[in-house]
Amino acid sequence: MIYHEVLVVGGGLAGLRAAIEAHDAGCEVGVLSRVHPVRSHSVAAQGGVNAALGNHPDARDDNPEKHAFDTVKGSDYLADQDAVEILTGEAPARIYEMEHWGCPFSRTEEGRIAQRPFGGAGSPRCCYAADKTGHALLHTMFEQTLRRGIKVYEEWQVVSLAVADGRCYGVVALDLKTGRLEAVRAAAVIFGTGGAGRIYARSTNNIINTGSGMAIAYMAGVPLKDMEFIQFHPTSLFGNNVLMTEGARGEGGHLLNALGERFMEKYAPKAMELAPRDIVARAIQTEIDEGRGFPGGYVHLDLTHLGAERIMERLPAIRDIAINFTGVDPIHEPIPIQPGQHYFMGGIDTDADGATEVAGFFAAGECACVSVHGANRLGGNSLLETMVFGRRAGAAAARFVKDGADGVGAEKAEKVLTAAMAEATRRVTWVLEADGPEDPAALRDELRENMFTNIGLFREEGAMKAGLDKVRELRERFRRIGIRHRGRRYNLDWARNLELEGMILVAEAIAAGALARRESRGSHFRTDYRERDDRDFLKHTIARLTEDGPELEYRPVTITKWEPKARTY
Ligand SMILES: Cc1cc2nc3c(=O)[nH]c(=O)nc-3n(C[C@H](O)[C@H](O)[C@H](O)COP(=O)(O)OP(=O)(O)OC[C@H]3O[C@@H](n4cnc5c(N)ncnc54)[C@H](O)[C@@H]3O)c2cc1C
């Protein structure tokens, strides 16, 4: 049986940062990822990463406390403030570390790391590498992983977590190249498995962002937190929803409706296009719904006034994408955009060290909910979260291993893994041999459309109930799927359908959480309860999986310095 002291699942920024930290703390580490690490979704991040460095001439007095306040306000006061203070306090150190590791950040005239304005931030504090920040960060992080000789299993897909008596012993994974299942024993497991964007239609996310880590943890008894909070990015390309970074507005881009009006002045007169994402996305959708959009449902992101030089220097990838996918050159014409699903504020319930209620099981990055984003994440805070909490999870896992806190021998661990292996074998074989009438691809499309339509930007009891019923119907129909390809080697039909049930379970947790939250807060906007209700809902939703679906409980929000106030921009 394969064994690692610390096993990291996920080759994105969170997973690799955790692996580096556990390695440097003296642990023997393995990383397992369903794609080559640099193909993880982190590579697609465009706009930048926040840290109060004070390099911008308009923000010399910036500091972590201001960054924390912006984050708390942006979260609509649902973020845990102690965790936010960790996030913003450790931010400068993480950015300088990446700089020292060779990350090619864009520079100011004096040679400092350049910073641009971003939505919901009081001052320009978003560090960037043109509009390819994720690419620069992930390649740097992967170099550090290689440099340390950390073992990486590429194209291995975890299918289950081996948990017994509140303790995690490892995972069962499918080696996609051979189609073999393997049990991987570990003294500590860290998930950095990313988001679940692909549960929604119109997503800006990579096709592999199916939330499989969240689902695997949830099925193993680990609760999910605040799943009803889904971020819709204001500006995704009309037609295919490829992201057009917030950096485009940070550089001065305008949003215009079909009448040529800069409509944000009605919704956020001070912050305008740089209000937080929930507000801008709803403003765009309102313009479209009320007939002031263009036919088909989009508005314009106009960069033409920025000039060719600035666009080529600061937003080259945005320009390429717009030209290649829509034939529009942003130097000369405005870009057609609409809101698209973008990010999961919720995830696996963890503390600020990535620990979950299962001993030896940690999570960090987009798959986890600490929570630092509350009901709405600020742009640039997610890349930051992967590094701050990836590092902390790696350190905590190493402490757990070194303290010998597990107190169990290999014999017990192997027994648990053998049982997990038998169960996983039953399940994967069932999917490989499934020959029912239901087409799983159609089920997936119905799921995604249902979530976007019924539990999307604007929510209401009747539609959400219909959405939840539909999710339950899909769960039933999943039992009657048939798959086309029965080979074991690199069978992506098999691999993708293995996780479809998990996508449905995660969708059910989202729907249940959203229905129960009878208020509007951040990204969760209800047309039937339009106000925030701090008396009844200033609390985190915790969903546990039971035979009858998710069971919800609530936990208070940690407030350190900032009492909830009205949120205006
Ligand atoms: C287009 C786009 C642009 C963005 N731009 C920004 C930005 O400018 N600034 C910002 O702060 N945030 C941005 N974000 C958000 C941010 O990029 C992500 O939240 C963050 O990179 C997630 O990192 P991660 O390490 O948690 O997960 P990911 O980078 O998604 O990595 C997940 C890893 O888990 C592995 N994995 C998943 N499931 C399994 C499994 N079952 N078995 C094995 N391996 C598995 C995958 O192979 C992958 O390696 C953007 C997001 C998108 C989609």
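Reading guide: rules and limits
- Residues numbered from 1 in each chain as written.
- Predicted model: local features only at pLDDT ≥ 70, side-chain atom pairs only at ≥ 80, totals over all residues.
- Heavy atoms only, no water.
- Pairing = 2+ DSSP bridges.
- Helix = DSSP H or I, 4+ residues; strand = E, 2+ residues; numbered from the N terminus.
- Axes fitted to C-alpha atoms, helices over the stretch in contact; angles between N-to-C directions.
- Core = buried A, V, L, I, M, F, W, Y, C linked by side-chain atoms within 4.5 Å.
- Buried < 20%, exposed > 50% of the residue type's maximum accessible area, 1.4 Å probe, protein only.
- Contact = heavy atoms within 4.5 Å.
- Parallel < 35°, antiparallel > 145°, perpendicular 65-115°, else oblique.
- Left-handed = near helix turned anticlockwise from the far one by under 90°.
- Near = heavy atom within 4 Å.
- Polar contact = N/O pair within 3.5 Å; in protein donor to acceptor, adjacent residues only side chain to side chain.
- Areas by Shrake-Rupley, 256 points an atom, 1.4 Å probe, with all protein chains shown as cover.
- Nonpolar A, V, L, I, M, F, W, Y, C, P; charged D, E, K, R; others polar.

**Here we look at the sheet that holds strand 14 (residues 335-344)**
One open sheet accounts for four strands, arranged 11-14-13-12; its pairing is antiparallel. The open sheet has two edge strands, strand 11 (230-237) and strand 12 (254-256), and neither has a second partner. Within this sheet the neighbouring strands show an average axis-to-axis angle of 45 degrees, counted without direction.

**Quick word on the nonpolar core**
Ranked by size, the top nonpolar core spans 82 residues in total, and within it Phe-191, Tyr-200, Ile-348 and Phe-361 carry the most contacts. The dominant element in this core, judged by the number of residues it contributes, is helix 16 (residues 500-516), at eleven residues. Residues contacting Tyr-200, with those up to four places away along its chain left out, are Ile-230, Phe-232, Gln-341, Phe-344, Arg-448, Met-451, Phe-452, Ile-455, Arg-459 and Ile-510. One finds Leu-53, Val-72, Leu-87 and Val-372 within the second-largest nonpolar core, a separate group that totals 59 residues.

**Side note on unusual backbone geometry**
The amide bond that connects Val-370 to the next residue, Ser-371, takes the cis arrangement and shows omega of 10 degrees. Within the fold, Ser-371 resides in the loop between strand 17 (368-369) and helix 11 (381-402). In this model, Glu-155 sits at a positive phi of 60 degrees, which is unusual for a non-glycine residue. With a phi angle near 50 degrees, Arg-202 is a residue other than glycine that sits in the positive phi range.

**Digging into the packing of helix 13 (residues 440-454) against helix 14 (residues 461-478)**
Any two packed helices are characterised by how steeply their axes cross, that is the angle between the axes, and by the distance between the axes. Contact pair helix 13 / helix 14: the axes reach a minimum separation of 9 Å and the direction vectors enclose 165 degrees. The angle between helix 13 and helix 14 places the two elements in the roughly antiparallel class. Helix 14 is crossed by helix 13, and the crossing has left-handed handedness. Counting all contacts with helix 13, which are made through Leu-443, Glu-446, Leu-447, Asn-450, Met-451 and Asn-454, the residues of helix 14 involved are Ala-463, Met-464, Ala-466, Gly-467, Lys-470, Val-471, Glu-473, Leu-474, Arg-477 and Phe-478.

**Side note on the site of the ligand**
Around the ligand, the structure places 38 residues, and the nearest of them are Ser-40, His-41, Ser-42, Glu-366 and Ser-382. A distance of 3.4 Å is found between an oxygen atom of the ligand and a backbone nitrogen or oxygen belonging to Gly-380. When the ligand is considered free in solution it has 1000 Å² of accessible area, and contact with the protein chains removes 98% of it. Put simply, the parts of the chain that give the shell around the ligand at least two residues each are helix 1 (13-24), strand 2 (29-33), strand 7 (156-164), strand 14 and helix 11. Ranked by residue count, the leading element in the shell around the ligand is helix 11, at four residues. Residues that form the shell around the ligand fall into these classes: twelve nonpolar, 23 polar and three charged.

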